[in-house]
Each structure stands twice: as C-alpha cells, then as structure tokens.
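Architecture and fold: a report
Residue-level listing of the chains:
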Amino acid sequence: MAKHFQKKGRRILGWDLQDWIKGFFGTNATLSIVILLLICFYLIREAVMFFPSHHQGLTLYRQTGQEFVGHLIEEVDEHAKIVAMTDQAYYRELDEKFGNERGVSDSYEALLEPLEDAGEDFIDALDDEEEGAQEAWDTFATKTLSKVYKKEIDTFNRLDDDSWNALLASMKGWDPLEGDPPAFVEEARAKMKEGMASFELARAEVSAADDQLDSLRGKLVKIASVVREDAKAELTSAARKIALEQGIASTTDPDKKAELEEKLSEVKIMDSFPFAARSTPMAESKDAHKAAAADLKAKLTAGVAKLPAEFASQPAAELIERVRKKTPDVLEELDESVAEAARWRWDKPVGYFDSALQFFFGRDWVTNSSWHDFYGLLPLFTGSVLISCIALAIAVPFSVGAAIYVNRIATRLEQNIIKPVIEMVQAIPSVVLGIFGILVLGEGLREFSQVEALSWIPGFPMQERLNILNAGLLLALMAVPTIFTLCEDALNNVPRSFSEASLALGASRIQTVIKVILPTAISGIFAAILLGLGRVIGETMVVLLVAGNKIAMPDWGAGVGVVAQPTHTMTGIIAQEMGEVADGTLHWRALFLVGLVLFTISLCINVAAQRIIRRLSHL
Amino acid sequence: MNPFVAKTKTRKRKDQASVVIFAVATYLLVACAVGIFFKIASAGAPILFASEDSFINWDFLTKNPETLVVFEIEEGEKIRMDQTDFTEWKKENPGVEVLNEKTHAYTGGGILGPLVGTAMLVVTCMVVALVVGVSASVYLNEYARKGLLMNAIRLAIMNLAGVPSVVFGLFGFALFCLSDWWPALTYTINEERTMGYFAIPLTDGYLSFQGWGSGSSLFAGGLTLAVMVLPVIIAACEESLKAVPKGFREASLALGASKWQCIRTAVLPYATPGILTASILGVTRVAGETAPIMFTAAVADKAKLPWEEAEGNGLFWLSDVMMQSVQALPYHIYTFARLPNTEETAATQNGTVFVFLMLVSVFAGLSIFLRIFFRNKLKW
C-alpha cells in the first residue's frame with residue numbers, strides 16, 4: 001500500500017497533512033449537501049404550515065356565512081361574462097353596420113374636449129354676453145377645428161373622409177351655450193338607434209336578468225362583511241388575551257405583572273362568537289336566493305332567445321354563437337351552485353382534506369382582499385402549463401429538426417457556425433428576453449394580428465399585447481438550446497454502423513434518419529424534451545414581464561384563440577408577490593407552497609430525464 | 001426503358017425536399033437568434049458608442065441611475081436632463097419658463113451602480129461557489145468510496161441543477177435574509193434576537209449571532225446565487241475530473257506521491273480547462289439571473305456605490321459593504337420594464353439592455369471558445 005512508503009508528516013490533533021486536506025474537501029462536500037438538504041427543509045417547513053392556517057381561514061369563511069354569499073357572487077360574475085360577450089358582439093355589429101355613424105357620434109364627443117376646455121374663456125364671455133364674444137368664439141372655433149387631426153379625434157378610424165368633413169362643417173355652427181349636438185350628429189345617432197333597436201332590446205334584457213340576484217347579493221355582502229370584521233376582531237382579542245396570560249405567567253417582575261394584568265382586564269372577549277345568530281340572515285336567504293336564481297334563469301333564457309340571428313359582422317355572429325352555447329352551461333352551473341348554497345350550514349366542519357383540495361383545485365387566487373383571501377393554484381398552474389405547452393409545441397419541431405440537420409446533413413463548416421450560435425441563445429438573460437417581448441415582439445405580434453387578411457386565425461386580432469402566445473414564443477426560444485444540444489448528443493450516440501447499414505441497403509439519407517436514427521435515439525430525444533420542459537416551466541422573468549399577469553382561468557370558449565389571452569403563472573406569482581408580504585403570514589406560506597409545487601414538478605421532470613439518459617448510457 | 005428510373009427520381013426529389021425542410025428549420029432558428037442580437041445591438045449601440053472622440057459614451061458607464069427630466073423651453077424643442085443637473089440648471093436660470101416638464105424614473109444618468117452591483121454579486125457568488133463546488137467534487141470523485149450513498153448524492157445534486165431559479169430565491173430569502181442566527185459584525189447588539197446574548201465583543205463592535213437583518217444584502221444575494229449555481233459547478237467539475245484518465249493517478253501514486261500530491265500534480269492540472277469552462281458558464285448564468293436576487297439583494301434605487309457608504313475598518317468595512325443591498329443590471333432592467341415605456345425612456349433602456357447582453361455574451365462566447373479550444377488541444 002502506498003501509505004507504507006509515505007513519510008510521516010507532523011501531526012496536528014492526531015491528523016497529518018493528508019488527513020487535513022481530505023478533511024477540507026470532505027467538509028465542503030458535506031456543506032454543499034447540507035445546503036441542498038436545507039433547501040428542501042426550508043421549503044417544506046414553510047409550505048406545510050400553510051395548511052392549518054388555510055383550514056382556519058376557510059372555517060371562518062364558512063362560519064361567517066361568507067361562503068353562502070360567495071355562491072351568489074360567483075353566479076353574478078358568471079352572468080356578467082355573458083353580458084360582456086353580448087356587449088362585445090353588440091359593438092362589433094354596431095361598428096360593422098353603423099361604423100360611420102358611431103364614428104360621427106364619438107368624434108363629436110371627442111371634439112368637444114378641445115373646444116370646451118381650451119375655449120373656456122370664450123364660452124364665459126359668451127355667457128356674460130360680452131361685446132364681440134360671438135366673433136371671438138367663431139374665430140377660435142374655426143381655428144381649433146382647422147387644427148385638429150382626424151387621427152387624434154377618430155382614434156379607431158371609423159370615419160371616412162366625407163363624414164369627417166361633414167362633421168367638421170356641422171360643428172362650425174355649434175352653439176357652446178346650448179351644447180346640443182348639431183343635426184348631422186343627431187341624425188347619425190337616430191339612425192344608429194333605429195338600426196340596432198331589436199339587438200339593443202335583447203341586450204338590455206340579458207343584462208338586466210340578474211337584477212334580483214344582484215340586489216340580494218349586494219345586501220348579503222354588506223351583512224357578511226360586518227360579521228367577518230367582528231369575528232376577526234374577536235379572534236384578535238382572544239389571541240391577545242392568551243398572549244397576555246402567557247406574559248403574566250412568565251414574568252417575575254411585579255410591576256410588569258400588574259401592568260399586564262391591567263391590560264388583560266381591558267381585553268373583552270365573548271365566550272364564543274355567536275356565529276349562529278350572526279349568520280341567520282344568510283341562512284334565511286336561501287329561499288330568496290332560489291327565487292332570484294329562477295328569475296335570472298327565466299329572464300336570461302328569454303333574453304338570449306331574443307338576440308338576433310343574423311349579423312352583418314362575422315365576429316359578432318361568432319360571439320353570439322358562443323353566448324348561445326355558453327348560456328345552458330351557465331344555467332346548469334347556476335343550478336348546481338344554488339343547490340350547493342342550499343347545503344351551506346355555518347356549523348358544518350371544514351374537512352382538512354377539503355381545505356387542501358381547495359388550494360390545489362381552487363379557481364381563484366385573490367389576496368389582500370377585504371372580503372376573503374382565496375388561494376387557488378389552478379389558474380396559475382393552468383397558465384404555467386399552457387405557456388409551456390405552447391413553447392414546447394413550437395420549440396420541439398425546430399430544435400429536433402435543427403439537431404438532425406446539424407448532425408446528419410450539414411457540412412463541417414455549417415456545424416461550426418450553427419452550434420455556437422444556438423448555444424449563444426442560452427446566454428441571453430431571461431429579463432432581456434422579457435423586455436424584448438414587451439417592446440418588440442408584443443408590438444410586432446399585435447400589428448401582425450391586425451392584418452385584415454389574417455383575421456380568420458382564432459384569437460386575431462389580439463386585444464392584449466402581453467399574452468400567452470407572446471410568452472410561449474419567447475420561452476420556445478429559451479428551450480431551443482437545451483433541446484437542441486441534448487438531441488444532438490442523442491443522435492451522436494447512435495452507432496455509426498446503424499446508419500452505414502441502412503445506407504448500404506440503399507436507403508436515402510432521409511429514410512435513414514427517419515427509419516433508423518430517430519427510433520434509436522428516440523428516448524434521448526424524449527429526455528431532451530423533458531429537460532426543455534423543466535427549463536420552460538421554471539422560467540420566471542419572461543412570464544412575469546410578458547404573460548400579462550392576469551389571474552384567471554383561461555376562457556376555453558375561445559378555442560385556440562385562448563393563446564391571445566393574458567394569464568399568470570406559478571413562477572410569476574412568487575416573483576411578483578414575495579416582496580410585498582410579511583413573513584409568517586398565510587399569504588407568505590401560500591407562496592412557499594407554490595414554490596414547493598414547482599420544486600416537486602421540476603424534480604420529477606429531472607429525475608425522469610436523468611433516468612432515461614442513464615439507461616441510454618448503459619446501452 | 002428502365003422502369004426504376006422514375007422512382008429513383010422521386011426518391012431523390014423527396015430526399016432533397018426533406019433536406020430543405022430541415023435546413024429551413026435550422027436556419028430559421030439561427031435567423032431568430034441573430035435577429036434578436038442584432039435588434040438589441042442596433043437599438044442599444046448608438047447609446048453606448050459615440051461618433052466623436054473617445055468613441056464610447058463614458059457618461060453612460062460612469063454615472064449612477066437617476067430620474068430623467070424632459071422639458072421644453074420653447075415649444076417643440078425637447079431637452080433631456082438628469083434630475084440633479086436639472087435642479088442646478090434651474091437655480092442658474094431662474095427666469096426661464098419651463099414647459100411640459102415630465103419626469104421618468106430610473107432612466108436618467110448612467111448604469112454604474114447596477115454594473116458594479118452585478119460585478120460584486122458575481123464575484124461573491126463565484127468565490128463561494130468555486131471553493132465549495134470544486135472541493136466538494138474533488139472529494140466526491142477522488143476521496144469518497146464509491147457506493148450507493150455517493151451515487152444517491154450525485155444524483156440528488158444533478159437533479160437540483162434543474163430547480164427553477166425563483167425557488168432558490170425563495171429559499172435564499174428564508175435562509176439568509178430572515179434567519180436570526182447568522183453571525184454578523186455589528187456595532188450594537190440586537191437583544192431581541194434570541195442569540196443576541198452570545199455576542200462576542202471585538203475592538204470595534206461585536207460578533208453577534210443575530211442574523212443579517214431581514215432586508216436584502218449583497219452577501220445574502222451572492223450566497224443565494226452560489227447555492228443556485230453550486231449543483232451546476234459540482235456536476236461540471238466531476239465531469240472534468242472523471243475525464244482525466246485513471247492511468248495518470250496510478251502513475252503518480254506508483255512514483256510514491258501522496259494522495260494530495262497526486263491530485264495536485266496529476267489530476268487538477270488536467271481538469272482545470274474543464275473547470276474553467278464550467279465556471280465561466282456559471283458566471284454567465286449567475287450574471288443573467290434576476291429571480292434569485294429580487295428579494296435577497298437587489299434594490300431599484302440607491303444613490304451611492306456600496307463602498308461609499310461603508311464605515312469602519314478592516315473586517316467591519318468589508319461587513320458594511322457586504323451587508324448593503326445593491327443595484328443589479330438585471331433588476332434594473334426589470335424595474336424599468338414594468339414602467340410605461342415612452343420615446344424618452346427608450347434610449348436608456350435599450351442602452352442598458354445592450355450593455356448587459358454584451359457582457360453576458362462575452363462570457364458565454366468565451367466559454368464556448370475555450371471548450372472548443374481545449375477539446376482540440378487536450379487529447380490523451
């Protein structure tokens with residue numbers, strides 16, 4: 001053994017130099033392992049504490065009767081979505097049929113601003129019937145009207161030039177004291193009103209369907225909010241009492257003790273908060289709720305049936321079609337929600353499992369609310385997954401194709417250029433890609449989507465600059481280097497003899513690639529895609545800046561057009577809200593739990609990918 | 001007629017067509033990549049480079065970020081000035097009427113603060129990560145006995161390399177910023193912290209176990225980044241240690257070298273290129289990250305450089321520097337990315353993004369170049 005021939009060095013604490021060096025390396029190894037274990041420990045510790053407090057919050061939510069009112073709120077919101085779609089359709093149709101008239105009406109309103117604001121002095125003069133006021137006003141009006149740009153007034157470019165000139169001409173005789181719109185504008189408005197009368201009627205009916213429910217909701221929200229405030233105050237003083245009692249028990253100083261006891265006597269708490277009595281208004285509203293829901297159902301059905309069947313505008317027709325499709329679903333959900341609300345009782349205990357499910361499958365993430373804080377992961381999770389799917393759907397064909405090209409087809413020179421260029425993409429910091437998405441890609445996409453010829457593509461023209469598609473495209477670019485490099489490795493690992501055998505049998509290059517090389521390398525490619533997914537789903541800055549940060553379930557009714565909607569993600573919510581929450585609060589723990597979910601997902605993805613790669617290396 | 005001729009032709013055509021498809025996919029990617037670099041460079045280069053003498057806009061690189069004031073003296077003529085200059089200018093020209101005064105936060109001045117902050121974060125992080133990472137991998141690869149446990153540890157480290165950076169940020173925030181037991185050099189003891197009683201008095205103050213304060217600090221951020229990049233560095237170092245042939249070690253041991261002599265002379269020199277490449281790649285990654293430093297180190301607004309605010313001597317001075325929050329380039333970009341962007345702010349934004357991208361690309365390019373260089377040179 002080598003040790004026998006070694007010179008014995010000086011020993012310190014029984015260790016010689018070799019041992020000390022080994023100890024140094026060993027300590028660092030242990031340190032890094034400890035740190036990595038600490039990550040798991042800290043994440044899990046903070047995250048797990050979320051569940052008890054969350055359960056407590058949900059129990060209070062039920063006891064105060066807010067849960068019951070929550071059903072009403074949700075029902076009203078669902079109805080509001082239908083109203084929003086109908087309104088959108090209405091204005092689309094209006095634009096299509098009476099775009100010019102609407103332009104006249106809106107431009108008139110817009111024109112009043114420069115005239116009335118800048119011409120205030122002249123109007124005052126007119127009002128006081130000063131001498132020469134009329135002339136002064138006329139010159140001012142003429143000057144102002146000649147200076148306005150159509151682009152600035154008619155921002156949506158609804159007007160044609162003739163109507164614009166006609167409008168300007170009609171404004172010349174406008175009397176600022178009367179303030180009545182000129183006849184030209186009145187005509188346009190009358191025409192609009194007449195043409196859209198039946199649609200307008202149906203729209204009003206749809207939108208008024210929830211009047212009864214809405215007023216009931218408004219009433220109950222007020223009551224429940226007060227109950228909540230009182231119960232919370234009660235809980236705080238109960239906690240204060242316990243803290244004070246503990247303080248008294250632990251102090252030995254008599255002065256301090258007396259002081260604390262005095263404080264304790266000031267704290268008044270009831271034996272138990274009278275949830276039963278306080279939540280009676282909610283319990284007694286069950287019948288009223290049913291009646292209001294039935295009313296909504298009848299009116300909404302009638303209103304939707306009255307909506308016109310033929311439209312001049314294609315988007316309007318599509319929207320109304322969606323309204324017609326969505327209404328039965330909404331009504332069905334309404335029935336369920338009413339039944340659910342009828343089952344509400346203030347003293348029914350909240351199950352621990354249920355409260356955990358509420359986190360993982362809850363559809364709302366609402367924080368800092370005066371009503372109730374909801375922590376539901378589902379919209380964030382959906383956003384993350386949706387963006388990742390889009391990113392991968394774009395990145396995978398390109399990067400696998402590029403890997404095949406570079407590995408099998410390209411010349412050496414091409415290889416030496418393409419590989420470093422794609423690797424350089426990996427170096428682009430995500431925040432740079434994010435700002436690129438805001439300034440360049442977002443604007444570009446929106447302009448591209450507004451091209452008339454492309455309006456058949458679902459989701460076009462885009463309403464939002466920052467949306468799922470934008471984020472997906474950028475993340476695709478981020479995933480490309482990972483997938484490309486690993487794919488290329490996988491293709492490289494296919495033994496030469498395979499392709500030689502295939503080529504010798506007379507197969508073309510492409511046949512060889514598709515029939516021989518790809519099937520052999522498929523698990524490596526799959527691992528590459530998995531690691532790409534891991535990179536994409538954990539990416540923070542791009543989604544934080546570009547995804548639009550709207551916490552809501554995507555509207556699946558839009559079909560593929562869902563990619564034009566904004567969303568929020570798990571990584572984004574942590575980055576956005578972490579800086580603003582106090583440590584130890586429920587919100588803070590919720591964010592840690594989201595972090596733990598992310599951690600678990602990425603760990604699973606990595607483990608799966610590493611396994612595949614390891615199995616390959618044994619081949 | 002040969003009946004197979006036509007068939008071969010279609011086959012050939014198919015073959016060529018699919019080659020074209022693959023080529024198009026590849027070159028589209030390349031075009032996207034080059035396009036982004038080009039777009040950012042063309043927008044940002046005019047801010048950084050000047051056509052006059054010195055050719056580089058030193059003001060942009062040597063001034064701290066400030067609020068930008070845009071105003072008009074005569075109608076239509078816009079003047080841009082930093083807030084401090086504007087205040088002085090107003091004092092000097094009290095009679096001039098200022099029209100349309102608008103302020104834009106963070107987009108005046110230069111980017112010295114963020115540049116310095118990023119550099120300090122990267123240095124702190126890399127010093128810690130390299131010392132711990134390289135020695136850990138030496139231990140795992142050279143000293144530790146092979147076995148199930150080692151494999152498990154290695155696998156755990158490999159898997160942690162893929163954990164999202166924002167999760168490391170969360171962790172770093174909880175561990176480094178909020179824990180109240182880290183030893184800190186302070187002038188006064190915070191007795192509310194549980195460990196405050198165990199403070200050790202020193203000449204200038206105390207070494208007190210009271211944590212680093214719950215705010216963000218350069219040190220906390222550096223350590224968070226180090227933890228983030230540690231798995232990457234360990235994995236890469238192990239790879240390059242493994243690539244050194246076993247014969248090297250056996251030969252040196254057979255000549256009577258001790259274990260450490262063997263590692264020092266026969267292993268590390270041949271693994272250095274790989275470690276160097278990996279650490280430069282690590283620098284790229286660390287410099288570009290925003291999420292981990294968002295809560296642990298970075299602030300949007302800071303008037304002075306870290307060392308300008310430090311007091312004390314020796315270690316206390318170092319501690320003062322390290323316990324401050326800093327500006328950082330990625331966070332600076334994030335800050336103004338959220339503000340509404342206008343014509344006035346675009347110049348500074350583009351310039352900052354360009355400088356940042358250039359810095360990171362230089363390191364990335366260097367690591368790619370080194371890898372190719374060493375791959376061709378080191379063959380055994």
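Here the structure is a predicted model, which means the values were calculated and not measured.

Regarding the interface of chain A and chain B
Every contact between the two is made by 76 residues of chain A and, on the other side, 79 residues of chain B. Together, Phe-25, Leu-36 and Tyr-42 of chain A form the three largest contributors to the area buried by chain A at its contact with chain B, with a combined 9%. The interface formed by chain A and chain B contains 2 salt bridges. Here Arg-509 of chain A ties to Asp-15 of chain B by a salt bridge, and the two come within 3.8 Å at their closest N and O atoms. Joining chain A to chain B, the criterion identifies 6 residue pairs in polar contact (both at pLDDT 80 or more). The element that contributes the greatest number of residues to the side of chain A that touches chain B is helix H2 (residues 17-48) of chain A, accounting for 17 residues. Looking at the side of chain A that touches chain B residue by residue, the classes come out as 51 nonpolar, 19 polar and 6 charged.

Some points on the environment of Pro-181 of chain A
All names here are of chain A. As for its position among the elements, Pro-181 is in the loop between helix H8 (161-172) and helix H9 (183-195). We classify Pro-181 as buried; its relative accessible area is 17%. As a C-alpha pair, Pro-181 and Ser-170 span 11 residues in sequence and 9.2 Å in three-dimensional space. Contacts of Pro-181, omitting those with residues within four sequence positions, involve Tyr-108, Trp-174, Glu-186 and Arg-189.

Side note on the side chain of Glu-75 of chain A
All names here are of chain A. Relative to the elements of secondary structure, Glu-75 occurs in helix H4 (residues 66-118). With no salt bridge to any partner, buried Glu-75 finds its closest opposite charge in Arg-217, at an N-O distance of 9.5 Å. Beyond its immediate stretch of four places on either side in the chain, Glu-75 contacts Leu-213, His-289, Leu-334, Ser-337 and Val-338.

Some remarks on the domain arrangement of chain A
As a measure of interface size, the accessible area lost when the parts come together is often cited. Residues and elements named next belong to chain A. Partitioning chain A into structural domains gives domain 1 (12-48), domain 2 (65-172 + 181-345) and domain 3 (383-617). In this structure, domain 1 and domain 3 have C-alpha centres spaced 35 Å apart. Between domain 1 and domain 3, the contact holds 7 residues from the first and 6 residues from the second. Buried surface at the junction of domain 1 and domain 3, both sides included, amounts to about 610 Å², of which 79% is carbon and sulfur. The largest share of the area that domain 1 buries against domain 3 comes from Leu-43, Glu-46 and Ala-47, three residues that together contribute 79% of it. At the boundary of domain 1 with domain 3, the tally comes to 0 salt bridges. Where domain 1 packs against domain 3, one counts 1 residue pair in polar contact (both at pLDDT 80 or more). Residue composition of the side of domain 1 that touches domain 3, grouped by class: 6 nonpolar, no polar and 1 charged.

A few points about the side chain of Asn-407 of chain A
All names here are of chain A. Its location among the elements puts Asn-407 in helix H18 (residues 378-409). Overall, the relative accessible area of 14% leaves Asn-407 in the buried class. Within the structure, Asn-407 has its side chain in polar contact with the side chain of Glu-488 (distance 2.9 Å). Excluding anything up to four places from it in sequence, Asn-407 contacts Gln-415, Glu-488, Leu-491 and Asn-492.

Quick word on the sheet that holds strand S6 (residues 206-209) of chain B
Residues and elements named next belong to chain B. Strand order across the open sheet formed by 3 strands is S4-S6-S5, with antiparallel pairing between neighbours. Strands with a single pairing partner mark the edges of an open sheet, and in this sheet they are strand S4 (183-186) and strand S5 (200-201). Relative to S6, S4 is paired through 4 bridges, and the arrangement is antiparallel. Pairing of Pro-183 across the sheet is with Phe-209, part of S6.

A short note on the environment of Thr-540 of chain A
With respect to the element layout, Thr-540 of chain A can be found in the loop between helix H23 (509-537) and helix H24 (541-546). Thr-540 of chain A sits in the buried class, given a relative accessible area of 1%. Separated by 36 residues in the primary sequence, Thr-540 of chain A and Gln-576 of chain A place their C-alpha atoms 9.8 Å from one another. The contacts of Thr-540 of chain A, once residues within four sequence positions are left out, are Thr-571 and Ala-575 of chain A together with Ser-165, Val-166 and Ala-291 of chain B.

Considering helix H17 (residues 352-361) of chain A
All names here are of chain A. Taken together, the buried positions of H17 are Ser-355, Ala-356 and Phe-359. Buried residues along H17 cover an arc of 100° about the axis, so they all sit on one side. Of the exposed residues in H17, the ones pointing more than 90 degrees away from its buried face are Phe-353 and Phe-361.

What to know about the nonpolar core
Residues and elements named next belong to chain A. Counting 198 residues, the largest nonpolar core has Trp-365 and Val-432 as its most contacted members. Excluding its chain neighbours within four sequence positions, the residues that come into contact with Trp-365 are Phe-359, Phe-374, Tyr-375, Gly-376, Leu-380, Ile-551, Ile-573, Glu-577, Ala-590, Leu-591 and Val-594. Tyr-61, Phe-199, Leu-213 and Ala-341 belong to the second largest nonpolar core, which has 42 residues in total.

Structural notes on the domain arrangement of chain B
Residues and elements named next belong to chain B. Along its sequence, chain B is carved into domain 1 (61-109) and domain 2 (112-178 + 214-377). The interface of domain 1 with domain 2 comprises 13 residues on the first partner and 20 residues on the second. Both sides of the domain 1 and domain 2 interface together cover about 1300 Å² of buried area, and 59% of this is carbon and sulfur. The interface formed by domain 1 and domain 2 contains 0 salt bridges. Linking domain 1 to domain 2 there are 2 residue pairs in polar contact (both at pLDDT 80 or more). Listing elements by their share of the side of domain 1 that touches domain 2, those giving two or more residues are helix H2 (58-62), strand S1 (65-72), strand S2 (78-82) and strand S3 (99-109). Ranked by residues supplied to the side of domain 1 that touches domain 2, first place goes to S3 with 4 residues. Across the side of domain 1 that touches domain 2, the residue classes tally to 6 nonpolar, 4 polar and 3 charged.

Rules of the game
- Residues numbered from 1 in each chain as written.
- Chains lettered and ligands numbered in written order.
- Predicted model: local features only at pLDDT ≥ 70, side-chain atom pairs only at ≥ 80, totals over all residues.
- Heavy atoms only, no water.
- Contact = heavy atoms within 4.5 Å.
- Buried area = accessible area lost by both parts, 1.4 Å probe.
- Salt bridge = Lys/Arg side-chain N within 4 Å of Asp/Glu carboxyl O.
- Polar contact = N/O pair within 3.5 Å; in protein donor to acceptor, adjacent residues only side chain to side chain.
- Helix = DSSP H or I, 4+ residues; strand = E, 2+ residues; numbered from the N terminus.
- Nonpolar A, V, L, I, M, F, W, Y, C, P; charged D, E, K, R; others polar.
- Buried < 20%, exposed > 50% of the residue type's maximum accessible area, 1.4 Å probe, protein only.
- Lys, Arg positive; Asp, Glu negative; His and termini not counted.
- Domains from an automatic or database assignment.
- Pairing = 2+ DSSP bridges.
- Arc of directions from axis to C-beta.
- Core = buried A, V, L, I, M, F, W, Y, C linked by side-chain atoms within 4.5 Å.

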